[in-house]
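Letter by letter, the chains look like this.
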Amino acid sequence: MTRLAAPRSCPHLRPLSRRTVLAAALGSGLAAVFTAAQAQPAPPSEVAAGLAGARLLGNGRLTYFGLHVYDARLWVGDGFAADNYAKLPLALELEYARALVGKLIAERSLDEMKRAGGFSDEQGQRWLAAMTQMFPDVVKGDRLTGLHRPGEAANFYLNGKVRGEVRDAEFAKAFFGIWLSPKTSEPKLRAALLGSNRAGS
């Protein structure tokens, strides 16, 4: 009768030491942290220059009757709180998906600003004139960025290049309220920008 030889110990099946298991766990944890850090996109140059510690809070898409109008991204600094956005620095970046006329962008912006908060006719006419001058005609791929300087002004950039500023704290609050005020006409987009969900409007 043939005897079966007793199996020899296999070095590949030896129990792992606690030190080895701990090292592997730490390595996996560091890899996860590194991957998460890599996933955070770098802010565009105008945002990095004007907003210390800028990080992407959320992003969303605006559509109108099924048409893709633009993608929006909200960049914030440390300590950002949605319910206090009017008093905090931030940057809103819009990347257009289609050609639009600058004058119409300005007029629509003013209409949306009225929803977020009241202001006088004189203010509205002054703000409309400023936006009409700063907001150019855009084509697909153009980026319009607004930088909020709380209590001071709103600065605007087209594809990273300066377009101008409005040195009026009330204007800045009303303008960024188009997207961030609870009274916005696009609550789903607001939620996406604030990181509440990942769905655009």
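Residues numbered from 1 in each chain as written. Predicted model: local features only at pLDDT ≥ 70, side-chain atom pairs only at ≥ 80, totals over all residues. Heavy atoms only, no water.

Undergrad: A description of the overall build of the protein chain should follow, citing residues and the corresponding values.
TA: Along the backbone of the protein chain there are 6 helices and 6 strands. Reading the protein chain from its N terminus to its C terminus gives the helix and strand order α-α-β-β-β-α-α-β-β-β-α-α. When the 201 residues of the protein chain are sorted by exposure, 40% land in the buried category. If you take every contact in the protein chain between residues at least 6 apart in sequence, the share linking residues at least 24 apart comes to 56%. Element-wise, carbon and sulfur atoms account for 56% of the exposed surface of the protein chain, whose accessible area totals about 12300 Å². (Helix = DSSP H or I, 4+ residues; strand = E, 2+ residues; numbered from the N terminus. Buried < 20%, exposed > 50% of the residue type's maximum accessible area, 1.4 Å probe, protein only. Contact = heavy atoms within 4.5 Å. Areas by Shrake-Rupley, 256 points an atom, 1.4 Å probe, with all protein chains shown as cover.)

Undergrad: Account for the environment of Val 139, naming residues and giving values.
TA: With respect to the helices and strands, Val 139 occurs in the loop between helix H4 (121-134) and strand S4 (143-149). The spacing of Val 139 and Arg 98 is 41 residues in sequence and 5.5 Å in space, taken between C-alpha atoms. Once residues lying within four places of it in the same chain are set aside, the contact partners of Val 139 are Tyr 96, Arg 98 and Ala 99.

Undergrad: Tell me what's going on with the packing of helix H3 (residues 102-116) against H4, and back it up with residues and numbers.
TA: Direction vectors running N to C along H3 and H4 enclose 145 degrees, while the axes themselves pass 8 Å from each other. For H3 against H4, the interelement crossing comes out right-handed. Residues Lys 103, Ala 106, Glu 107, Ser 109, Leu 110 and Met 113 of H3 lie in contact with H4, whose contacting residues are Gly 124, Trp 127, Leu 128, Met 131 and Thr 132. Classifying every residue of the contact of H3 with H4 by side-chain character gives 6 nonpolar, 3 polar and 2 charged. (Axes fitted to C-alpha atoms, helices over the stretch in contact; angles between N-to-C directions. Left-handed = near helix turned anticlockwise from the far one by under 90°. Nonpolar A, V, L, I, M, F, W, Y, C, P; charged D, E, K, R; others polar.)

Undergrad: Please give an account of the pairing of strand S5 (residues 153-158) that cites residues and values.
TA: Buried residues dominate S5, accounting for 6 of its 6 residues. Taking every second residue as pointing to the same face, both faces of S5 are buried, with Ala 153, Asn 155 and Tyr 157 on one and Ala 154, Phe 156 and Leu 158 on the other. Across 6 bridges, S4 lies against S5 in antiparallel orientation. Pairing of Leu 144 across the sheet is with Leu 158, part of S5. The antiparallel hairpin formed by S4 and S5 contains 3 residues in its connecting segment, where Gly 151 sits at a positive phi of about 75 degrees. Connecting S5 to the next strand, strand S6 (residues 161-166), in antiparallel fashion are 2 residues, including Asn 159 with a positive phi near 50 degrees. (Pairing = 2+ DSSP bridges.)

Undergrad: Which residues make up the confidence of the model for the protein chain, and what values go with them?
TA: Summarising the model, the protein chain shows a mean pLDDT of 84, and 79% of its residues fall at 70 or more. When the criterion is pLDDT under 50, residues 20-38 qualifies, and its contacts beyond four places in sequence or with other chains add up to 1 contact. Every residue in residues 197-201 is under pLDDT 50, and counting partners more than four places away or in other chains gives 18 contacts. (pLDDT = per-residue confidence, 0-100.)

Undergrad: An account of the sheet that holds S6 is requested, with residue identities and associated values reported.
TA: Strand order in this open sheet of 6 strands is S1-S2-S3-S4-S5-S6, and the pairing throughout is antiparallel. Each of the sheet's edge strands pairs with one partner strand only, and the pair in question is strand S1 (55-64) and S6. Averaged over all pairs of adjacent strands, the angle between their axes in this sheet comes to 20 degrees, without regard to strand direction. In this sheet, strand S2 (residues 67-76) lies alongside S1 in antiparallel orientation, the contact comprising 9 bridges.

Undergrad: Can you break down the environment of Met 113 residue by residue, with the values?
TA: When you line up the elements, Met 113 lands in helix H3. Apart from residues lying up to four places away in sequence, Met 113 is in contact with Phe 119, Trp 127, Met 131, Phe 171, Ala 174, Phe 175 and Ile 178.

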